[in-house]
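Fold and contact review
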Amino acid sequence: MTLLVTGGAGFIGSNFIFYMMKEHPQYRVVCLDKLTYAGNLATLAPVMGKGNFRFVRADICDREAVFRIFAEERPEIVVNFAAESHVDRSIENPGVFLQTNILGTQTLMDACRKYGVQRFHQVSTDEVYGDLPLDRPDLFFTEETPIHASSPYSASKASADLLVQAYCRTFGLPATISRCSNNYGPYQFPEKLIPLMVANALADKPLPVYGKGENVRDWLYVEDHCKAIDLILHQGRVGEIYNIGGHNEMRNIDIVKLICKAVGKPESLITFVADRKGHDLRYAIDPSKMGNELGWQPETMFNEGIYRTIQWYVDNRAWWEDILSGAYRERQDACANGI
Ligand code: NAD
Ligand code: DAU
């Protein structure tokens with residue numbers, strides 16, 4: 001079985017590769033990644049030398065390169081994590097989000113059609129549903145909730161989802177889609193809330209909280225997301241959408257205060273800054289389909305996972321300091337050109 005993972009040098013994709021190589025040691029795993037600013041080859045060091053792992057630097061929008069890799073590897077399973085993933089960047093520069101997240105997905109699916117796969121899995125997001133009001137804790141996103149994107153990022157992910165459904169119906173592509181809530185864990189790029197706040201707090205820098213910090217996100221430990229995708233690949237039904245989340249809603253301000261406490265820094269570092277444009281208020285996933293159909297349940301509770309995660313960033317300063325200094329890009333550009 002050959003598994004092609006796109007975007008595997010990023011946060012969730014790398015954790016997924018580690019998970020799959022542990023759970024399915026007989027699989028060959030091929031990682032295709034462009035190594036944008038968000039991709040870090042150093043993250044994949046634990047698997048780089050393994051005989052059943054291959055890294056290929058390529059852009060999912062590059063039809064020639066993608067088709068060549070499919071011809072060489074003939075993957076049975078393709079999981080697409082490759083994306084521009086940061087909402088704030090999509091507000092600054094939407095174009096690359098449409099290019100990678102929509103057209104890149106199309107290119108991958110065209111290759112899947114040409115070479116034939118058992119499964120194409122699109123890693124989507126709960127952000128395609130838009131947001132929920134703060135004063136209606138009884139409301140949750142289900143798979144039937146209408147698409148209602150707020151940012152160029154979520155609009156691009158929603159567009160890709162529609163395209164995946166169209167390829168499934170029109171061409172019979174054996175596809176599935178998962179829509180997960182906010183992930184946290186090791187190897188998350190330090191522009192996202194949790195690693196950014198840990199890194200800033202450790203450096204005694206201000207902790208920029210958007211608006212009043214009252215927006216709510218539904219946090220899931222990254223390995224629980226990986227396990228859910230593994231279940232969907234092997235037991236999920238083609239043509240289906242699966243929501244993934246752990247019923248763990250937290251206000252941003254409470255997460256930031258928790259981080260201050262955990263690393264022994266004063267809350268006076270918290271600085272309220274201008275709100276994100278179009279800022280989604282609340283995300284909350286109803287994961288009952290994953291539970292009822294596939295028996296999935298999150299295993300890592302937030303109280304355990306968040307401290308493990310904070311400790312990981314404390315113990316792995318070199319990983320994120322390398323990113324903040326920009327050194328990681330020079331090094332990987334030098335060594336990855338020949339891959
Ligand atoms: P990330 O930004 O950490 O990683 C993205 C990876 O994709 C990087 O390695 C980058 O180099 C690669 N990439 C970007 N453009 C590419 C291109 N054109 N060709 C090939 N590779 C390219 O992202 P993440 O947080 O790990 O998210 C992965 C996926 O999961 C995304 O599709 C995202 O929409 C989705 N998702 C993320 C979360 C979350 O909380 N982070 C939650 C739900 C869904
Ligand atoms: O819900 C899933 C989504 O979660 C994924 O699809 C996205 O790829 C991922 O980036 C994430 O999106 P968010 O916008 O929710 O994550 P982010 O870490 O950027 O922000 C989390 C919350 O924290 C959000 O309400 C904005 C706020 N925030 C963020 C940053 C970076 C701040 O208050 N200050 C900050 O500096």
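Attention here is on the structure that accompanies the text. (Residues numbered from 1 in each chain as written. Chains lettered and ligands numbered in written order. Predicted model: local features only at pLDDT ≥ 70, side-chain atom pairs only at ≥ 80, totals over all residues. Heavy atoms only, no water.)

Quick look at the sheet that holds strand β11 (residues 249–251) now. Strands sit in the order β7-β9-β11 across an open sheet of three strands; the sheet is mixed. Each of the sheet's edge strands pairs with one partner strand only, and the pair in question is β7 (182–184) and β11. If you compare each strand with its neighbour and ignore which way they point, the axes differ by 50 degrees on average. Judged from the three bridges that link them, β7 and strand β9 (residues 216–221) form a sheet pairing that is parallel. Within the sheet, the bridge partner assigned to Y184 lies in β9 and is Y221. (Pairing = 2+ DSSP bridges. Helix = DSSP H or I, 4+ residues; strand = E, 2+ residues; numbered from the N terminus. Axes fitted to C-alpha atoms, helices over the stretch in contact; angles between N-to-C directions.)

Our focus in this paragraph is the site of ligand 1. Lining the immediate surroundings of ligand 1 are 28 residues, of which I12, D33, S85, Y153 and K157 lie closest. In the environment of ligand 1, an oxygen atom lies 3.1 Å from a nitrogen or oxygen atom belonging to the backbone of T36. A distance of 3.2 Å is found between an oxygen atom of ligand 1 and a backbone nitrogen or oxygen belonging to F81. Its free accessible area being 840 Å², ligand 1 has 97% of it covered by the protein chains. Secondary-structure elements contributing two or more residues to the shell around ligand 1 are α1 (11–23), β5 (119–125), α6 (152–171) and β7. When residues of the shell around ligand 1 are assigned to their parent elements, the largest contribution, three residues, is made by β5. Class assignment of the residues belonging to the shell around ligand 1 gives a composition of 13 nonpolar, 11 polar and four charged. (Near = heavy atom within 4 Å. Polar contact = N/O pair within 3.5 Å; in protein donor to acceptor, adjacent residues only side chain to side chain. Areas by Shrake-Rupley, 256 points an atom, 1.4 Å probe, with all protein chains shown as cover. Nonpolar A, V, L, I, M, F, W, Y, C, P; charged D, E, K, R; others polar.)

Here we come to unusual backbone geometry. If you check the backbone angles, L35 has positive phi at about 55 degrees while not being a glycine. Topologically, L35 is positioned in the loop between β2 (28–33) and α2 (45–48). Even without being glycine, R74 reaches a positive phi, approximately 45 degrees. Mapped onto the fold, R74 is located in the loop between α3 (63–73) and β4 (77–80). Residue R74 is classed as partly exposed on the basis of its relative accessible area, which comes to 48%. (Buried < 20%, exposed > 50% of the residue type's maximum accessible area, 1.4 Å probe, protein only.)

At a minimum axis separation of 10 Å, helix α7 (residues 193–202) and helix α11 (residues 302–315) run at an interaxial angle of 50 degrees. Classified by the angle between their axes, α7 and α11 sit oblique to one another. As for the relative orientation of α7 and α11, their crossing is right-handed in sense. Here I194, P195, V198 and L202 of α7 lie close against α11, whose contacting residues are I306, T309, I310, Y313 and V314. Among the residues forming the contact of α7 with α11, the class breakdown is eight nonpolar, one polar and no charged. (Parallel < 35°, antiparallel > 145°, perpendicular 65-115°, else oblique. Left-handed = near helix turned anticlockwise from the far one by under 90°. Contact = heavy atoms within 4.5 Å.)

This part takes up the pairing of β9. Summarising burial for β9: six of the six residues are buried, a large majority. Residue alternation in β9 divides its side chains into two sets, V216, D218 and L220 and R217, W219 and Y221, and both sets are buried.

The next subject is the packing of aromatic side chains. For any pair of aromatic rings, the description consists of the separation of the ring centres together with the inter-plane angle of the planes. According to the stated counting rule, one finds 17 aromatic pairs in the structure shown. Relative to W219, the ring of Y184 has its centre 6.5 Å away and its plane inclined at 75 degrees; by these criteria the two rings are edge-to-face. Here the residue Y184 occupies a position in strand β7, and W219 occupies one in strand β9, the gap between them amounting to 35 residues. An identical accessibility class is assigned to Y184 and W219; each is buried. Through a chain of ring-to-ring contacts, three or more aromatic side chains come together here, namely F18, Y187, W312, Y313 and W319. (Phe/Tyr/Trp six-rings, centres within 6.5 Å; stacked < 30°, edge-to-face > 60°.)

Residue pairs spaced three or four apart in an α-helix point in one direction, given the helix's 3.6 residues per turn. Here helix α9 (residues 252–263) contains 12 residues, and its C-alpha end-to-end distance of 17 Å stays within 8% of the 16 Å for a straight helix at 1.5 Å per residue. Those residues of α9 lying buried are N252, I253, I255, V256, L258, I259, C260 and V263. Where the residues of α9 are buried, they touch α7, β8 (207–210), β9, β11, β12 (270–273) and α11. (Expected span 1.5 Å × (residues − 1).)

Moving on, we come to the pattern of salt bridges. Counted according to the given criterion, the structure contains 23 salt bridges. Across the salt bridge formed by E304 and R308, the nearest N and O atoms sit 2.3 Å from each other. Here R308 and E304 lie together in helix α11, a separation of four residues that amounts to about one turn. Where R331 meets D322, a salt bridge forms, and the shortest distance between an N and an O atom there is 2.2 Å. Within this structure, R28, R54, R68, E72 and E73 form a network of salt bridges that share partners. (Salt bridge = Lys/Arg side-chain N within 4 Å of Asp/Glu carboxyl O.)

Moving on, we come to the nonpolar core. By size, the foremost hydrophobic cluster in this structure holds 35 residues, and its most contacted members are L4, F70, V78, C112, F120 and L173. Sequence-distant contacts of V78, defined by excluding residues within four places in its chain, comprise L4, F70, C112, V117, R119, F120 and H121. With 33 residues, the next largest nonpolar core counts L207, V209, Y221 and W319 among its residues. (Core = buried A, V, L, I, M, F, W, Y, C linked by side-chain atoms within 4.5 Å.)

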